Each structure stands twice: as structure tokens, then as C-alpha cells.
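# Working through the structure, step by step
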Amino acid sequence: MTAPTAILYGLPPAELAEIPEGAAQVSPLIPGSARLEDLGPASLEAAVLLAPPGTVERRYALALALRALKPGGRLTALAPKDRGGSRLGKELAAFGCAPAEEARRHHRICTAPRPETPQGLDAAIDEGGPRHVDNLALCTQPGIFSWDRLDPGSALLLATLPPLRGRGADLGCGLGILARAVLASEGVSALACIDIDRRAVEMARRNLGDSRASVRWADIRQPDPDLAKLDFVVMNPPFHDGGAEDRALGQSFIARAAGALRHGGALWLTANAHLPYERVLGEAFAEVTLRASANGYKVYEARR
């Protein structure tokens, strides 16, 4: 495979950024993308980034892109103003860039040549890279959902979940927190762990270390013939896509679980209490039981 000369991180609006022909996608949230971390130093002519919203995650991606650019190579970085865009110019200046900045369609767009000697790249890459977090006792990385703490929805599901048996799946597995609890049951014979975030998949593979678990980088909304006739599914589905609440995202997770379960199989779902999943669950499952409710979250058991 020929090494790329240009990269694209994410899916910026076409009218806001000119994408170089043949640019390789490197977003960790688009399954099948190349790893930005693996690009050789000073190997690129151009990089276009829809910069991620988290400060540490964003500086990590910018630093990796600058490391991969040749001196004088063109960097274009953009983000919505309220999701990191207002800070892009200062962050690039701190790396030694001299960015030109413009505002269009609620985005800030910065363009800059890569300086001969960028500053602070190693520190930003180290800060945004994988690490072990003691309070989770897991390997993790900034940018992954709930990367440095146990989120309350998962905590409630962990407190409610009975020992499971047979073949199952953890849809949107993240770091593997739910999967690790499921695999504590000797009755579990196989567990498919799937997430759209490559970083989460890499961390889950480190964290689980169990031959019964298979971890895959995939979009659960796409067809998957391997998910069939399962005994159980567990999940804490996302309800934000690109920063905006998207209830259809959780609904698609529920539909995928229903299609993957055998007759009599069980879905264990945790979700924010304000999300109206009861109707969707009732349409897809024969029985729906509220098993727990606390701290703004609910746990449902739904049986096919």
C-alpha cells in the first residue's frame, strides 16, 4: 500500500474545507481508517482535520498531524466555535504555527504551513495517548467515552446485572467495563464486543484478556451477520452524534440488539431517564421490565 501524501480527519462540511485528492481518512471514529499515530514524521504534504471537541484529544490530533507534515506542508483545522473552534488559533500558535483564521457557518477555520521546528508536539502526544487510570484499573485514552471515570449509567447497570449465560454481545463496548463484568460469569461462553471508536477497541483488547471475548471495530448500525441467535446483549448506547443529541442512535442500537437475539434472549440496557426508549423497546420485544432507576438513569431488561 502506497503511503499517503495527504490525510483527512473526520468529515468536515465540504463547503468549509477543500479536501486534497486521495487524502487518507484517519479518524478513529470511522471504521477502517488508517491510524494517524502510524504516519511517518515529515511524510505528508497536507492535512485537513475536523478537530475533535475535547481539549486534550484535539491537541493530540493536531500534534500528530503536525509531526506527520513536511516542513511547509499545509494544515487546515476547523471546528464549530462552541466545540473547540474558538481555541484552535491559540492552540496552533502554541505549537509554533502562524495560522490564518476565518469564521464561516459557525465554524472557525485555521490554515497554516507546518513550521520548520514545531514546539510542544511530544508533550501533547504524550498527554493525549493511552495510559492506565488507577481509579478504573483499566487502560484508557482521552477522547473515549467516559475515559477517566465510571459513568453513572454503567454503574447502575453493573449493580443490577445478574450473572449471564451463553453467547452474547456488548454493543458500544467502550473500554470493556461492562464486558469485564459479564465475563466474570463462568456461564458466558462467548462475548462479541463492538465499538465505533478504534481507541476504545484497542483499550478493550488490552483490558479484557479473555479468550471468550472478541473485540471488533465497527459501526453497529451496519449489517453484521455474525450477530445472530445470541442469548443476551448488554449495552449503554450513545445518544449523541457529533455533539448533538440523536435519539435515533440509541433506537438503532435497540433494533440491532432485537435482531441479534434468539427467541427468549434478553437485552440489558441502561439509558438516561429522559430518553423515551420504552415505546421502541415495547415494539421490538415481547417483555420489557424496568429493573432499576437512580441518579437520572434507568435499567431495562427486555426479552424477545
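Residues numbered from 1 in each chain as written. Predicted model: local features only at pLDDT ≥ 70, side-chain atom pairs only at ≥ 80, totals over all residues. Heavy atoms only, no water.

If you tally the helices and strands in the chain, you get 8 helices and 17 strands. At 21 Å, the chain has a C-alpha radius of gyration in line with the 19 Å of a compact globule built from 304 residues. By its C-alpha atoms, the chain is 60 × 40 × 35 Å across when sized along the principal axes. Intrachain contacts of the chain at a sequence separation of at least 6 include 63% that bridge at least 24 residues. Of the accessible surface of the chain, which amounts to about 13,900 Å², a share of 51% is contributed by carbon and sulfur atoms. (Helix = DSSP H or I, 4+ residues; strand = E, 2+ residues; numbered from the N terminus. Rg over C-alpha atoms; globule rule 2.2 N^0.38 Å. Contact = heavy atoms within 4.5 Å. Areas by Shrake-Rupley, 256 points an atom, 1.4 Å probe, with all protein chains shown as cover.)

In this section: the sheet that holds strand E6 (residues 107–113). Taking strand neighbours across the sheet as the criterion, the 6 strands line up as E2-E1-E3-E4-E6-E5 in an open arrangement whose pairing is mixed. Edge positions in the sheet fall to strand E2 (24–25) and strand E5 (100–104), since each of these pairs with one other strand and no more. Sheet analysis places strand E1 (residues 6–9) next to strand E3 (residues 44–50), joined by 4 bridges and oriented parallel. Paired with Leu8 across the bridge in E3 is Val48. (Pairing = 2+ DSSP bridges.)

Moving on, we get to the pattern of salt bridges. Within this structure, the stated rule accounts for 21 salt bridges. Close ionic contact of Arg221 with Asp219 constitutes a salt bridge, the shortest N to O distance being 3.0 Å. The exposure class of Arg221 is partly exposed, given its relative accessible area of 36%. Note that Glu301 is salt-bridged to Arg303, the shortest N-O span being 3.0 Å. By relative accessible area, which is 32% here, Arg303 ends up partly exposed. Taken together, the shared-partner salt bridges connect Arg35, Glu37, Asp38, Arg198 and Glu202 into one network. (Salt bridge = Lys/Arg side-chain N within 4 Å of Asp/Glu carboxyl O. Buried < 20%, exposed > 50% of the residue type's maximum accessible area, 1.4 Å probe, protein only.)

Further remarks concern the environment of Ala200. By the secondary structure assignment, Ala200 is in helix H6 (residues 198–208). Residues Ala200 and Leu29, 171 residues apart in the sequence, show an inter-C-alpha distance of 9.8 Å. Excluding anything up to four places from it in sequence, Ala200 contacts Ile144, Gly174, Leu175 and Asp195.

Within helix H3 (residues 121–128) the residues assigned to the buried category are Leu121, Ala124, Ile125 and Gly128. All buried residues of H3 fall inside an arc of 100 degrees around its axis, so they share one side. For H3, the exposed residues set more than 90 degrees away from the buried face come down to Asp122, Ala123 and Asp126. Residues of H3 that are buried make contact with helix H1 (55–68) and strand E7 (131–133). (Arc of directions from axis to C-beta.)

To continue, consider helix H2 (residues 85–94). Of the positions making up H2, those classed as buried are Gly85, Leu88, Gly89, Glu91 and Leu92. Against the buried residues of H2 lie H1, strand E4 (69–80), E5 and E6. One or two residues past the end of H2 sits Gly96, with phi positive at roughly 95 degrees.

This brings us to the environment of Ala218. Locating Ala218 in the fold gives a position in the loop between strand E11 (213–217) and strand E12 (230–235). With 69 residues separating them in the primary sequence, Ala218 and Glu287 have C-alpha atoms 29 Å apart. Filtering out sequence-adjacent residues up to four positions away, Ala218 remains in contact with Pro31, Ile194, Asp195 and Ile196.

Moving on, we get to unusual backbone geometry. One non-glycine residue with positive phi stands out, namely Arg105, at about 50 degrees. Of note, the phi angle at Ser146 is positive, near 50 degrees, even though the residue is not glycine. With respect to the element layout, Ser146 can be found in the loop between strand E8 (138–140) and helix H4 (152–160). Relative accessible area serves as the criterion here: at 8%, Ser146 is assigned to the buried category.

Moving on to the sheet that holds E12. Adjacent strands of a sheet pair through backbone hydrogen bonds, lying either parallel or antiparallel. On the basis of which strands lie adjacent, the open sheet formed by 7 strands has the order E11-E10-E9-E12-E15-E17-E16 and mixed pairing. Because the sheet does not close on itself, it has two edges, and the strands there are E11 and strand E16 (287–294). Neighbouring strand axes in the sheet, compared pairwise and without regard to direction, differ in orientation by 15 degrees on average. Summarising the sheet, strand E9 (residues 166–171) and strand E10 (residues 188–195) pair through 6 bridges and their orientation is parallel. Within E10, the position partnered with Gly168 by the bridge is Leu191. Set on the sheet, H4 makes contact with E12, strand E15 (261–272), E16 and strand E17 (297–303); between it and E17 the angle comes to about 50 degrees. (Axes fitted to C-alpha atoms, helices over the stretch in contact; angles between N-to-C directions.)

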